[in-house]
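What the coordinates show
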Protein chains: 2
Amino acid sequence: MSRALTVSIDAMGGDAGPGAVVSALLKTSLRHPEARFVLHGDEAELNALVSRQARLKDCVSVRHAPGRVSMEDKPSHVLRRGKDTSMWHAVHCVKAGEADVVVSAGNTGALMAVSMFGLGIIEGISRPAIATIWPTLKGQTIVLDVGANVSASEEQLVDFAVMGEAFARVILGLERPLVGILNVGAEDQKGNDAVKGAAQILRAANLPMAFHGFVEGDDIAKGTVDVVVTDGFTGNIALKTAEGTARLVGSYLRQALRRSLLSRLGAVIAAGALDTLRRKLDPRAVNGGVFLGLNGVVVKSHGGADAVGFASALDLAIDMARADLKPRITEARGRITAESIQMIDKVGEL
Amino acid sequence: MSRALTVSIDAMGGDAGPGAVVSALLKTSLRHPEARFVLHGDEAELNALVSRQARLKDCVSVRHAPGRVSMEDKPSHVLRRGKDTSMWHAVHCVKAGEADVVVSAGNTGALMAVSMFGLGIIEGISRPAIATIWPTLKGQTIVLDVGANVSASEEQLVDFAVMGEAFARVILGLERPLVGILNVGAEDQKGNDAVKGAAQILRAANLPMAFHGFVEGDDIAKGTVDVVVTDGFTGNIALKTAEGTARLVGSYLRQALRRSLLSRLGAVIAAGALDTLRRKLDPRAVNGGVFLGLNGVVVKSHGGADAVGFASALDLAIDMARADLKPRITEARGRITAESIQMIDKVGEL
């Protein structure tokens, strides 16, 4: 492309407001001086914020969008009535070819609906998925779907495997990411029909993919595989259960350290170490889910993200825009022909 | 009953072996001097272990069972060929009315199959469930199903709600436990058909139950409700994801404390506090899942449980045997008539 790499931003989507978005831009524009940013939202408010920052003058432009999607708006309502919103404008800026990637901290369901409607789904993929980057004992693991769908057929799980593998190559820089399907046991006979069928297809199809087989819930944090495939119902619940558990452990730790004067002294001395711990567990550091399977890149920042969190979503968006996942997904998906799936289904019936 | 409260124990089931079972008995028999215990397994090995402990002479009896269920045995294989195993004998001791509750650290799938076959399912309940006690910010929450089934219909989720509520009254000592259904969002329109249908039934049926509605994954550790209802696929993955997350946080903490000499000094001083933390998170302290919905009480101890873990499963078993859950489950389930479910289904179609 002749123009610079451009990020389209829904500046009104997050709880922290456009102020946090502009603070995030100050960080990201330092790290990526070549990138350009288009802010969609209330023109007067955004111009006032941007004009105060000399460094943003050349790399940021503002486009007026009077409407705003709230966290309570139903996706169907936004599709019918939301054409004036900052979210809609931000997505359609990518559709029009004026930007390479869109970032929003807004309503996830609405963002998925507007993105599917505006950008369309990659040919051969039946449903998009939301992928997240999960910290593990070994580093990082991609988990998908964490909430785009409330169920998944065997073929949809296969799509997720193909998309997650392509994502892991690009974002984790792995040459041959190991892919596993989340299940209640590692043995072949365990699980529901969808996971068993997907495993059969991934084993039988002639894919250039390192398929590990089934993994269990504790394998995510162990880092047993690089990509964990699951339906959006289970994936969303697993993700939020992990967040809740991390907070519970943190709360236990604080209680334990407060209990005695001696341990309070220890806590003061150990404060540096606890800061390191906090940084590693900081959800802002690996902020941003990515919508995979669309004809365009969409990064969803956490709704409650502050400037640090939004900046890390912007960084992820720039990495995604540089890497072109679509050809790899299309190629891998093309290898799983309808005939091969039918064949496997027949073998399964025997 | 005229005989003393009696616990039937599969002494050969766990990874730690019968030695850990006998050590656990030393602890539990101190806490419950009135209880009796029947050990099923290799007679020579068990007698040698028990005879060394004078205190166990009067409260423990040994019954020979030559066979043993391995962790790899398929449930169907155990049903066909497992009649000589310690697990089979332990379950059938309850069936014969010689004991009130059975405890095993063996193969979960086999234990469920042998228990369903041997004890039968409570009338009106379609499938049993495994309930576990989850530590939370507020205390403890019951989560079920965590692995008896790989899916659940709306009616099965309703059964789980009824059984979990009865369990929470007895084990958590609550007068009016708050029940929630695990979902991907708290709003009514979110989720798959099973959770939406179950919520409709629980709202409409005239049950003496405090139904909260939907909860999300992070609500488990928050303690938002006392009983979290989910299908066995999602529940098992949520439980193991939480275990993995707790280990990950523990590992980060150790790394952080080791990093510098100063923080090492802090760690030494804070050691007492960290011990408290470890005890709170110790999976052995809340060891044991309970099979609900059977005509008899079955407590499953963790396969890797040591003496401390097995003793806490024995304590839970004794509490369960003292409380008689079955009448409450039957009564509550009886209020949800086929007519009321059909009526709700019709309203749902409108």
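On a predicted model such as this, the values are computed, not experimentally measured, just so you know.

Check the secondary structure of chain A and you find 14 helices and 11 strands. Out of the 350 residues belonging to chain A, those deemed buried represent 59%. Contacts in chain A between residues far apart in sequence, at least 24 positions, make up 72% of those at least 6 positions apart. Only carbon and sulfur atoms are counted for the fraction: they give 52% of the accessible area of chain A, which is about 14500 Å².

Turning to the sheet that holds strand β5 (residues 129-135) of chain A, a few remarks are in order. Residues and elements named next belong to chain A. Pairing in this open sheet of 11 strands is mixed, and the strands run β3-β2-β1-β4-β11-β10-β5-β6-β9-β7-β8 from one edge to the other. Bordering the open sheet on either side are β3 (60-64) and β8 (210-215), each of which pairs with just one other strand. Within the sheet, the average angular offset between the axes of one strand and its neighbour, ignoring direction, is 25°. With 5 bridges connecting them, strand β1 (residues 6-10) and strand β2 (residues 36-41) associate as parallel partners. Bridge pairing in β2 links Ile9 to Leu39. Against the sheet, helix α4 (residues 86-95) contacts β1, β2, β3 and β4 (101-104), and its axis sits at roughly 165° relative to β1. Contacting β4, β5, β10 (289-292) and β11 (297-300), helix α5 (residues 108-119) runs over the sheet at an angle of about 175° to β11.

Okay, the pairing of strand β8 (residues 210-215) of chain B next. Residue and element names in this part refer to chain B. Burial runs high along β8: 5 of the 6 residues are buried. Pairing of strand β7 (residues 178-182) with β8 involves 5 bridges; the strand directions are parallel. Looking at the pairing, Leu178 lines up with Ala210 of β8.

Attention shifts here to the nonpolar core. If you look at the biggest cluster of nonpolar residues, it comprises 109 residues, and the most contacted ones within it are Leu39 and Phe167 of chain A. Here this core takes 10 residues from helix α6 (residues 154-171) of chain A, the largest share from any one element. In this structure, this core is formed jointly by two domains, domain 1 (1-119) and domain 2 (126-293 + 325-350) of chain A, each of which donates at least three residues. If we skip the residues at most four places from it in the chain, Phe167 of chain A touches Ala131, Ile133, Ile142, Leu172, Val290, Leu292, Met320 and Leu325 of chain A. In this structure, Ile9, Val91, Leu182 and Leu202 of chain B belong to the second largest nonpolar core, which totals 108 residues.

What counts as what
Throughout this description, residue numbers start from 1 for each chain and increase along the sequence as written. For this description, chains carry letters from A and ligands carry numbers from 1, given in the order in which they are written. With the structure being a predicted model, the display of local features is reserved for residues of pLDDT at least 70 and the display and counting of side-chain atom pairs for 80 or more, all residues being used for whole-chain, interface and lining totals. Hydrogens and water are ignored here; the side-chain numbers use all heavy atoms of the structure. A run of H or I in DSSP becomes a helix once it reaches four residues, and a run of E becomes a strand once it reaches two; helices and strands are each numbered from the N terminus. Think of it in three bands: residues with accessible area under 20% of the maximum for their type are buried, residues over 50% are exposed, and the middle band is partly exposed, with areas taken using a 1.4 Å probe on protein chains only. Residue contacts are counted whenever heavy atoms from the two residues lie within 4.5 Å of one another. The protein chains shown are the only cover counted for residues, whose accessible areas, like all others here, come from Shrake-Rupley with a 1.4 Å probe. Whether two strands pair comes down to DSSP finding at least two bridges between them. Interaxial angle, 0 to 180 degrees, is taken between N-to-C directions of lines fitted to C-alpha atoms, where a helix line uses only the stretch in contact. Note on terminology: a nonpolar core comprises buried Ala, Val, Leu, Ile, Met, Phe, Trp, Tyr and Cys residues joined through side-chain atoms within 4.5 Å. A domain assignment, automatic or from a database, supplies the domain bounds used here.

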